[in-house]
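Listed below are the residues making up each chain.
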Amino acid sequence: MLPNTGKLAGCTVFITGASRGIGKAIALKAAKDGANIVIAAKTTQRHPKLLGTIYTAAEEIEAAGGKALPCVVDVRDEQQIHSAVEKAVERFGGIDILVNNASAISLTNTLETPTKRVDLMMSVNTRGTYLTSKACIPFLKKSKVAHILNLSPPLNLNPLWFKQHCAYTIAKYGMSMCVLGMAEEFRGEIAVNALWPRTAAIHTAAMDMLGGSGVESQCRKVDIIADAAYSIFKRPKSFTGNFIIDENILKEEGIKNFDVYAITPGHPLLPDFFLDENPEAVMEGKESNDPVPEVKEEKLQQQEQPPLQAQAPLQAQAPLQAQPPLQAQAPLQAQPPLQEQPQLQAQAPLQEQPPLQAQPPLQAQAPLQAQPQQAQPQQAQPQQQEQPPQPLQQRPQQRPQPLVQSMLPPKPHFGAVEETFRIVKDSLSDDVVRATQAVYQFELSAFGEDGGTWFLDLKSKGGKVGHGEPSDRADVVMSMATDDFVKMFSGKLKPTMAFMSGKLKIKGNIALAIKLEKLMTHMNSRL
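Residues numbered from 1 in each chain as written. Predicted model: local features only at pLDDT ≥ 70, side-chain atom pairs only at ≥ 80, totals over all residues. Heavy atoms only, no water.

- As named in an unreviewed UniProt entry, the protein chain is Hydroxysteroid dehydrogenase-like protein 2, taken from Apodemus speciosus.
- Turning to the protein chain, the UniProt annotation filed under Sequence similarities (unreviewed entry) states: "Belongs to the short-chain dehydrogenases/reductases (SDR) family."
- Reading the Function (unreviewed entry) entry of the UniProt record for the protein chain gives the comment "Has apparently no steroid dehydrogenase activity. Controls bile acid (BA) and lipid metabolism in response to nutritional cues." (UniProt positions renumbered as here; feature names shortened; annotations may be inferred.)

See the structure below:
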């Protein structure tokens, strides 16, 4: 970890949201230098789930060697901000560093985000950061240290980071845009920077609520953010306008062993939002020994690109997709793409192609030779009645679907969803139902019987599971691939990572979605 140097001795650090988590960790790091800490936060009484108040934080700060000034501040209230700034200046003589840490989060999509949550995130994240900075800037200008640090991400316009939680992204990016603007506006007077973790999992009470039971093993300690912030504060005012990743700046400080920051050293860590390099790459790396994701990707490619590279016969099928042009060109043998495949020149198309050997009706259908002449529906009708696959001759654009299905490898989890729900049912009890009180609906995408709609009713006595929609309206609807569903319930795929990487889409009550993870953890050993 990064050692203290005493650089911040006597400095006054104004931190929003400093009663717990990252804000308090930064406060304690500065306190070890003998800094003065203004704890600007709302919590004055103990919360059953969120530990810490401005007063307990003050006790810890003073025990660490600093001086503390607890101030009741809701950053949505401009008057409370100004009151805290006035008290800080009166008590400590000025303000040297501002940390905009207070933040609100709701990982819900556009239609599922109530207006009051949108207002909360915009007011706390963007507006609160702007107003607190505005109130502190006149005093920061007088400081020799003069830093503003926003806990916000680099500005990344990849749509991936908007589609699942648009309102939250806008609100966090608002904090980052404050960095972009104020760094230039106050260049030479105040250093304005942003700090963001490499991993999403910095272990805080909020992360416990978002990630559910057991998430701490995938987390780093808040100390990594505190050390990174301390490194920034040591730098001159000219170090401004930067969007800093915690690992990167600590590597510059000579830190090589990041296991010291891990809750469980060696355990894979959750990637963070807004960093393109992380979600899918980490997902693929963690699941490299599991063939299921590759199969799923192959299915997608086959649907979009019927001429599979791995199947020579299907490479010749491409002209059939573009059938109208072939109608205008009489002999297929004269087309250059087909001259390279003599077997098609000498044979009625598709009669002897390996993918169709398992489909006798198609083998017997020589009319495909006359397919370019689609003006003869009379010949197609009798065969359509006797042989269901015949409509493919009338609608060539649909032909790739059965061909693709015939070439797919056997499903790796045939019946696995039904078996998973059987185990879920066996694991249910009245206690689980009373503790959860939610109805879950799963929309699973897959070929065959494994996909479709399933439900888990944890409101009815004893609990119910089954195929189809629940009798009562679902509180949470989860959409994902069948294979990912099975892996999620068996513990091979964490719901948090599935959600962040876009593999899991959630509609409804996020808090109830998180509750489901506890049940998954209970069943992991059985799946």
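Remarks on the nonpolar core
Across soluble globular proteins, nonpolar side chains show a tendency to be buried alongside one another.
Phase 1 of the analysis: With 73 residues, the main nonpolar core has F14, Y440, F442, L456, M478 and F485 as its most contacted residues.
Phase 2 of the analysis: For this core, the element with the most residues is helix α6 (residues 166-185), which contributes 8 residues.
Phase 3 of the analysis: Setting aside residues up to four positions removed in sequence, M478 forms contacts with Q441, F442, E443, M488, L504, K505, I506, A513 and L516.
Phase 4 of the analysis: Counting residues in hydrophobic clusters, the runner-up holds 43 residues, among them V13, A30, I37 and I224. (Core = buried A, V, L, I, M, F, W, Y, C linked by side-chain atoms within 4.5 Å. Buried < 20%, exposed > 50% of the residue type's maximum accessible area, 1.4 Å probe, protein only. Helix = DSSP H or I, 4+ residues; strand = E, 2+ residues; numbered from the N terminus. Contact = heavy atoms within 4.5 Å.)

Focus: the sheet that holds strand β6 (residues 191-196)
Phase 1 of the analysis: Taken in spatial order, the 7 strands of this open sheet run β3-β2-β1-β4-β5-β6-β7, and their pairing is parallel. Because the sheet does not close on itself, it has two edges, and the strands there are β3 (67-72) and β7 (243-245). Within the sheet, the average angular offset between the axes of one strand and its neighbour, ignoring direction, is 20°.
Phase 2 of the analysis: Across the sheet, helix α4 (residues 115-140) is in contact with β1 (12-16), β4 (97-100) and β5 (147-150); its angle to β4 comes to roughly 175°. (Pairing = 2+ DSSP bridges. Axes fitted to C-alpha atoms, helices over the stretch in contact; angles between N-to-C directions.)

With respect to helix α23 (residues 482-489)
Phase 1 of the analysis: Judged by how many residues are buried, α23 sits mostly within the fold: 8 of 8 residues are covered.
Phase 2 of the analysis: Three or more residues of α23 are buried, namely T482, D483, D484, F485, V486, K487, M488 and F489.
Phase 3 of the analysis: Count one or two residues on from α23 and you reach G491, which has phi positive near 90°.

As for a nonpolar patch on the surface
Phase 1 of the analysis: Judged by side-chain polarity, L155, M177 and L180 come together as a nonpolar surface patch covering roughly 290 Å² of accessible area.
Phase 2 of the analysis: Residue position: L155 is located in the loop between β5 and α5 (160-163). (Patch = residues over 30% accessible without salt bridge, like charges linked within 9 Å, V, L, I, M, F, W, Y side chains within 5 Å. Areas by Shrake-Rupley, 256 points an atom, 1.4 Å probe, with all protein chains shown as cover. Salt bridge = Lys/Arg side-chain N within 4 Å of Asp/Glu carboxyl O.)

As for the pattern of salt bridges
Phase 1 of the analysis: Applying the stated criterion across every chain, the model contains 14 salt bridges.
Phase 2 of the analysis: With its nearest N and O atoms 3.2 Å apart, the salt bridge here joins E252 to R235. With E252 in helix α9 (residues 246-252) and R235 in the loop between α8 (223-233) and β7, the pair connects residues that are 17 residues apart, well separated along the chain.
Phase 3 of the analysis: The class of E252 is exposed, set by a relative accessible area of 58%.
Phase 4 of the analysis: A single salt-bridge network, built from bridges that share partners, covers R198, R220, E247 and K251.

Considering the packing of aromatic side chains
Phase 1 of the analysis: Summed over all chains, the structure comprises 12 aromatic pairs.
Phase 2 of the analysis: Centre to centre, the rings of F485 and F489 are 4.8 Å apart; their planes meet at 45°, and the pair counts as tilted. Taken together, the positions of F485 and F489, both in helix α23 and 4 residues apart, correspond to about one turn of that helix. Comparing F485 with F489 shows no difference in burial state: the two are buried.
Phase 3 of the analysis: Three or more aromatic residues joined by ring pairs make a cluster, and in this case those are W161, F162, Y168, Y173, W196 and F274.
Phase 4 of the analysis: One cation-aromatic arrangement involves K29 over Y230; the distance from NZ or CZ to the ring centre is 5.3 Å. (Phe/Tyr/Trp six-rings, centres within 6.5 Å; stacked < 30°, edge-to-face > 60°. Lys NZ or Arg CZ within 6 Å of the ring centre and 35° of its normal.)

Topic: unusual backbone geometry
Phase 1 of the analysis: Positive phi, normally seen in glycine, also occurs at A146, with a value near 50°.
Phase 2 of the analysis: Relative to the helices and strands, A146 is located in the loop between α4 and β5.
Phase 3 of the analysis: The backbone of Q437 sits at a positive phi, close to 50°, despite the residue not being glycine.
Phase 4 of the analysis: As for its position among the elements, Q437 is in the loop between α22 (430-436) and β8 (438-445).

Focus on the environment of F243
Phase 1 of the analysis: By the element assignment, F243 lies in strand β7.
Phase 2 of the analysis: The sequence separation of F243 and S176 amounts to 67 residues, and the corresponding C-alpha distance is 8.2 Å.
Phase 3 of the analysis: If we ignore the near neighbours within four places in the chain, the residues touching F243 are P153, P154, L155, S176, V179, L180 and A194.

Focus: the packing of α4 against α6
Phase 1 of the analysis: Between α4 and α6, the least distance of the axes is 7 Å, while the angle of their chain directions is 15°. Overall, the two elements α4 and α6 adopt an arrangement that is roughly parallel. Between α4 and α6 the crossing geometry is right-handed. Note on element contacts: α6 touches α4 through A167, Y168, I170, A171, K172, G174, M175, C178 and M182, opposite V118, M121, M122, N125, T126, T129, Y130, S133 and I137.
Phase 2 of the analysis: Classifying every residue of the contact of α4 with α6 gives 12 nonpolar, 5 polar and 1 charged. (Parallel < 35°, antiparallel > 145°, perpendicular 65-115°, else oblique. Left-handed = near helix turned anticlockwise from the far one by under 90°. Nonpolar A, V, L, I, M, F, W, Y, C, P; charged D, E, K, R; others polar.)

A closer look at the pairing of β1
Phase 1 of the analysis: Here β1 lies mainly inside the structure; 5 of its 5 residues are buried.
Phase 2 of the analysis: The alternating pattern of β1 places T12, F14 and T16 and V13 and I15 on opposite faces, both of which are buried.
Phase 3 of the analysis: As judged from the 5 bridges shared by β1 and strand β2 (residues 36-41), these two strands associate in the parallel manner. Following the sheet pairing, V13 is matched in β2 by I37.
Phase 4 of the analysis: Both β1 and β4 contribute to a ladder of 3 bridges, which runs parallel. Pairing of I15 across the sheet is with V99, part of β4.

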